[in-house]
Amino acid sequence: MTRYEELLSLYLDGDPDEAELNELAGMLRDDSELADDFRQELLIWEAWSQAHAPERSADAFMAALHTRVRAQADAPEFELSVTEKLKKQKSPFLFRPLFAIAAAVVILLSLNVLFNPSGIDGGIVATAEAGPVHLHGECVCMRCTLQKEKRCGKAIRYRNEHGTITIIRLARDPGLRQYNKCFCKGPTDVVVDGRIVEENGEKILQATSLTIEE
Amino acid sequence: MSKIHNLDFDALVREHQAGLRAFIRALGADEAWVDDLAQEVFLVAYRKQAQFDTEADFGKWLRGIARRQVMGERTKAARRYRIMHAGISDILLSLGVDKHEPEPNHDRVVETMKGCVEKLKQQQRELLRSRYEEGRRAKELASEQASTAAAIRKQLQRIRMTVRKCMETQLKRVEI
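Residue numbers run consecutively from 1 along every chain, following the written order of its sequence. By the order in which they are written, chains take letters starting at A while ligands take numbers starting at 1. The predicted nature of this model means local features are confined to residues of pLDDT at least 70 and side-chain atom pairs, given and counted, to a pLDDT of 80 or more, with totals for whole chains, interfaces and linings taken over all residues. Neither water nor hydrogens contribute to the side-chain values; these are computed over all heavy atoms in the structure.

Looking at the nonpolar core
To keep things clear, this is the line we draw: Among the buried residues, those of types Ala, Val, Leu, Ile, Met, Phe, Trp, Tyr and Cys that are joined through side-chain atoms within 4.5 Å form a nonpolar core. The rule is simple: take the accessible area with a 1.4 Å probe, protein chains only, and divide by the maximum for that residue type; under 20% is buried, over 50% is exposed, in between is partly exposed. The way it works is that DSSP assigns letters per residue, a run of H or I at least four long becomes a helix, a run of E at least two long becomes a strand, and they are numbered from the N terminus. Contacts are assigned to residue pairs with any non-hydrogen atoms lying within 4.5 Å of each other.
V13, L20, I24, V41, F42, F58 and L62 of chain B are the most contacted members of the largest nonpolar core, which has 29 residues in total. Mapped by element, the contributors of at least two residues to this core are α4 (58-88) of chain A together with α1 (9-25), α2 (34-47) and α3 (58-75) of chain B. Each residue touching L20 of chain B, except ones within four places of it in the same chain, is listed here: A38, V41, F42, L62, R63 and A66 of chain B. In terms of nonpolar packing, the next biggest core, distinct from the first, is built from 21 residues, M113, L120, Y132 and I152 of chain B among them.

Below, the structure is given as structure tokens:
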């Protein structure tokens with residue numbers, strides 16, 4: 001491999017450091033053909049990624065955009081109503097900090113409702129007991145559906161025995177690939193059997209069977 | 001979504017999203033943030049829809065917004081992570097608007113790639129799948145395969161070179 005190819009592979013697949021990126025920038029600056037080749041590589045493999053990563057499909061993109069449009073449209077109205085409510089409260093000076101804290105809590109809780117219209121508490125499961133489970137819930141993606149993480153990750157959203165909506169990640173399993181769309185374009189109703197296990201200090205669900213409910 | 005001067009915004013997004021995302025990536029955006037930036041471009045377009053001249057090229061208008069968006073990333077210290085490197089983005093931005101027109105035959109490029117990837121060995125196809133379908137980086141793949149990140153990158157780079165060579169032959173053949 002030439003040095004350019006090494007740097008290109010670092011850029012595309014690795015974690016190049018500042019010096020390596022500066023070196024690549026220098027090469028591209030000095031050679032316009034190389035710069036053009038670099039641009040082609042970015043274009044080609046971006047097209048491939050869009051065509052193959054389910055979370056990057058046109059439908060997933062459209063769905064995420066719609067969510068953002070809705071969130072933006074609702075935001076000013078929401079802000080106004082909270083401001084109005086706060087104005088109406090004639091609070092004694094001493095209690096102002098308390099009201100501010102309370103308002104912040106209300107805003108945070110309401111934001112959760114705004115971005116999660118089903119009113120679901122998006123907390124990741126932490127207290128579930130290890131062992132076999134049988135869950136009725138929804139397939140969700142940590143990135144596409146819940147927008148909680150940068151990368152896609154399969155999870156199940158369900159109501160636990162106390163009635164609290166809970167999210168539990170699924171353990172990586174190549175057998176689940178066939179359901180990618182149900183997660184990324186979800187939520188999709190599902191019945192899952194499996195075991196709750198601990199991985200890196202987090203309780204996750206190792207599914208043994210997963211049935212999509214039509 | 002509403003309509004832009006009687007144009008269906010949804011239809012416009014659907015038509016332009018793939019090309020716009022490729023365009024943004026080719027301006028040096030980090031792969032994990034390409035879609036985020038593209039959505040912001042569409043949000044700006046949606047907000048400024050009244051300014052759009054219906055006689056003009058919608059794709060070109062979007063690409064203009066995208067260029068400004070990427071340029072803006074360079075100046076926002078807190079958000080600089082959305083582009084890989086300011087110097088590289090500068091070079092890609094300087095290549096000029098014309099060079100950043102999205103591939104006119106985007107679908108054909110993907111189809112040709114599919115044909116070329118089919119010709120790869122099973123293990124190579126599997127590596128590409130892990131990288132692009134599952135979005136896993138070299139370091140992650142290396143730990144699973146008891147290999148090194150450098151070795152995985154080398155394999156991916158060889159695959160890319162093979163696919164690119166095959167594509168060039170295939171596309172030339174079609175042009176003839």
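Looking at the side chain of Q39 of chain B
For Q39 of chain B, the location among the structural elements is in helix α2. Q39 of chain B gets classed as buried once you look at its relative accessible area, which sits at 7%. Apart from the residues within four sequence positions on either side, Q39 of chain B is in contact with F61, A64, L65 and R68 of chain A.

Let's talk about the packing of aromatic side chains
So the rule is basically this: To pair, rings of Phe, Tyr and Trp, with the six-membered ring standing in for Trp, must have centres within 6.5 Å; the planes then decide the type, stacked if under 30 degrees apart, edge-to-face if over 60, and tilted in the middle. The criterion for a charge sitting over a ring is simple: Lys NZ or Arg CZ within 6 Å of the ring centre, and within 35 degrees of the ring normal.
In the structure shown here, the tally under the stated rule is nine aromatic pairs over all chains. Plain terms: the ring middles of W45 of chain A and W48 of chain A are 6.4 Å apart, the flat faces sit at 75° to each other, and that makes the pair edge-to-face. Of the two residues, W45 of chain A and W48 of chain A are both situated in helix α3 (residues 32-52); the distance of three residues between them amounts to about one turn of the helix. Measuring from ring centre to ring centre gives 5.8 Å for F58 of chain B and W61 of chain B, while their planes differ by 50°; the resulting arrangement is tilted. Within this pair, F58 of chain B and its partner W61 of chain B are both found in helix α3, separated by three residues, close to a single helical turn. For the pair F58 of chain B and W61 of chain B, a shared accessibility class is recorded, and that class is buried. Taken together, F9, Y46, F52, F58 and W61 of chain B form an aromatic cluster joined through their ring pairs. The ring of F183 of chain A carries K154 of chain A above its face, with NZ or CZ at 5.7 Å from the centroid. For R160 of chain B, the ring lying beneath its charged end belongs to W45 of chain A, and the centroid distance is 5.4 Å.

Quick notes on the interface of chain B and chain A
For clarity, the cut-off: Summed over both partners, buried area is the accessible surface (1.4 Å probe) that two parts give up on being assembled. Salt bridge, as applied in this entry: a Lys or Arg side-chain nitrogen positioned within 4 Å of an Asp or Glu carboxyl oxygen. Here a polar contact means two N or O atoms within 3.5 Å. Within protein one must be a hydrogen donor candidate and the other an acceptor candidate, and residues neighboring in sequence count only if both atoms are side-chain atoms.
At the interface, 62 residues of chain B touch 56 residues of chain A. Taking both sides of the interface into account, the surface hidden between chain B and chain A amounts to around 5,800 Å²; carbon and sulfur atoms contribute 60%. Between D15 of chain A and K139 of chain B there is a salt bridge, with the nearest N and O atoms lying 3.7 Å from each other. Linking chain B to chain A there are 17 residue pairs in polar contact (both at pLDDT 80 or more). Contributions of two or more residues to the side of chain B that touches chain A are made by α1, α2, α4 (86-94), α5 (106-118), α6 (122-132), α7 (138-144) and α8 (149-175) of chain B.

Considering α3 of chain B
All names here are of chain B. To keep things clear, this is the line we draw: Multiplying 1.5 Å by the helix residue count minus one yields the expected span of that helix.
The terminal C-alpha atoms of α3 lie 26 Å apart, and with 18 residues this matches the ideal 26 Å at 1.5 Å per residue to within 8%. Here α3 has its buried residues at F58, G59, W61, L62, R63, I65, A66, R67, Q69, V70, G72 and E73. The N-terminus of α3 is capped by D57, whose side-chain oxygen sits 2.9 Å from the backbone nitrogen of G59.

Side note on the pairing of strand β5 (residues 202-212) of chain A
All names here are of chain A. The test is simple: In short, DSSP must find at least two bridges between two strands for them to pair.
Two strands pair when backbone bridges link them, and strand β4 (residues 188-199) and β5 are joined in this way by ten bridges, in the antiparallel orientation. The residue of β5 that forms the bridge with E199 is E202. Linkage of β4 to β5, two consecutive antiparallel strands, is achieved through a turn of two residues, within which N200 is found at a positive phi near 50°.

A word on the state of the cysteines
Residues and elements named next belong to chain B. Basically, it comes down to this: The term disulfide is used for any two cysteine sulfur atoms that are within 2.5 Å.
A full pass over the atoms with the stated rule returns one disulfide over all chains. Note that C116 is cross-linked by a disulfide to C166, the S-S spacing being 2.1 Å. Here the disulfide of C116 and C166 is left-handed, its torsion about the S-S bond being about -80°. Here C116 is found in helix α5, whereas its partner C166 is found in helix α8, with 50 residues between them in sequence.

Focus: the sheet that holds β5 of chain A
All names here are of chain A. The condition that has to hold: Angular values range over 0 to 180 degrees, each being the angle between N-to-C directions of two axes fitted as lines to C-alpha atoms, with helices fitted over their stretch in contact.
Strands sit in the order β3-β2-β1-β4-β5 across an open sheet of five strands; the sheet is antiparallel. Among the strands making up the open sheet, the edge pair consists of β3 (165-169) and β5. Direction aside, neighbouring strands of the sheet carry axes that sit 45° apart on average. The sheet contact formed by strand β1 (residues 131-141) and strand β2 (residues 154-159) spans five bridges and is antiparallel. Bridged to C141 within β2 is K154.

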